[in-house]
Amino acid sequence: MDVGQSMEPIRDDHITEPGLVVVDGASADDAIASAFPDGEGAGIGAVRQAVILAGGVGSRMQPLTLTRPKPMVEVHGTPILRHQLDWFAGSGVERVVISAGHRAQVINDYLLACPSPVHTEVVVEPRPLGRGGGMKLAAAALEWPDEPWLAVYGDIWTRFPLTAMFAYHQRHAALATVALSRPWLPRGTVHCDELGRVTVLASQAPAPLRVNGGVFVFEPQVREMLPDEGDHEGITLPRLIRMQQLMGYPVDSPWRAINTPRDVHDIEREIAAQG
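Conventions we followed
Residues numbered from 1 in each chain as written. Predicted model: local features only at pLDDT ≥ 70, side-chain atom pairs only at ≥ 80, totals over all residues. Heavy atoms only, no water. Helix = DSSP H or I, 4+ residues; strand = E, 2+ residues; numbered from the N terminus. Buried < 20%, exposed > 50% of the residue type's maximum accessible area, 1.4 Å probe, protein only. Contact = heavy atoms within 4.5 Å. Areas by Shrake-Rupley, 256 points an atom, 1.4 Å probe, with all protein chains shown as cover. Expected span 1.5 Å × (residues − 1). Patch = residues over 30% accessible without salt bridge, like charges linked within 9 Å, V, L, I, M, F, W, Y side chains within 5 Å. Salt bridge = Lys/Arg side-chain N within 4 Å of Asp/Glu carboxyl O.

A. Spatial organisation of the overall build of the protein chain. When you go through the protein chain residue by residue, the secondary structure sums to eight helices and 15 strands. Counting across all 275 residues of the protein chain, residues that qualify as buried make up 47%. Partitioning the contacts of the protein chain with sequence separation of at least 6, the portion at a separation of at least 24 is 79%. Per element, the accessible surface of the protein chain, about 12,900 Å² overall, is 53% carbon and sulfur.

See below:
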């Protein structure tokens, strides 16, 4: 039996707030992950083109974003943007269009000084268009308009095999696939008995929910479903859900959304601990 057909589609009522799509982390996800794990599908094919959303102001990241866009904030001495470009290069992506806005010149200057491992073009929004509008503008500049494309939020740090996600997308033949990551939680919890005495310290427990990981595979026709201005998570994704054309790809590899200076500190600490 095709496990993709047994998975309940992500419903509109799972969208709890703008920017967050939450699905039950239940047995359906586990079945999909075990039947089609990270890494399987390597060599089957790759998405050749991608869009990175890098146009936001990043107000929660201040003061780090006063002089640069959020994707140019450094993690372990390297901009988030470069981490993503290296990830793409290792996954067969050949061309990347960066949707820029706030402090776009910083991105241009960086790419001139440190050439990208993939062919990279920067498209600057004439005015703030929202994530959906910025994505649509950048997608119009893709080299191969009749081929699938990746879209990635510019504040995401992760390293799962994109070839496996694309193979999963092809297998289920939907218009779109979204990576479903486990949200970051503190490293451990504390259990107490009925008298308040600690019984277990720093126990490990996986997050019970999965969230929109900010990584998508889109078929070409999705570009016309994006808004000229506004947020695709409030317009395009609900439409795809109603059409039953949005697949969820569970990812258990390390994943972080970097939204605040504390997030940068936490991921720096994790990388240092890994040696």
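There's plenty left to go through after this.
B. Here's a closer look at helix H8 (residues 261–273). Taking 1.5 Å per residue as the helical rise, H8 with its 13 residues ought to reach 18 Å, and the 19 Å between its terminal C-alpha atoms agrees with that figure. The secondary structure elements touched by the buried residues of H8 are strand S4 (74–75), strand S9 (156–158) and strand S15 (255–257).

C. Local environment of a nonpolar patch on the surface. A surface patch of nonpolar side chains, amounting to about 310 Å² of accessible area, comprises Val190, Val198 and Leu201. The residue Val190 is located in strand S11 (residues 189–192) in this model.

D. View of the pattern of salt bridges. With the rule as written, the count across this model stands at 13 salt bridges. Between Asp252 and Arg182 there is a salt bridge, with the nearest N and O atoms lying 3.0 Å from each other. On the criterion of sequence distance, the pair formed by Asp252 in the loop between strand S14 (246–251) and S15 and Arg182 in the loop between strand S10 (176–181) and S11 is long-range, its members being 70 residues apart. A relative accessible area of 47% places Asp252 in the partly exposed class.

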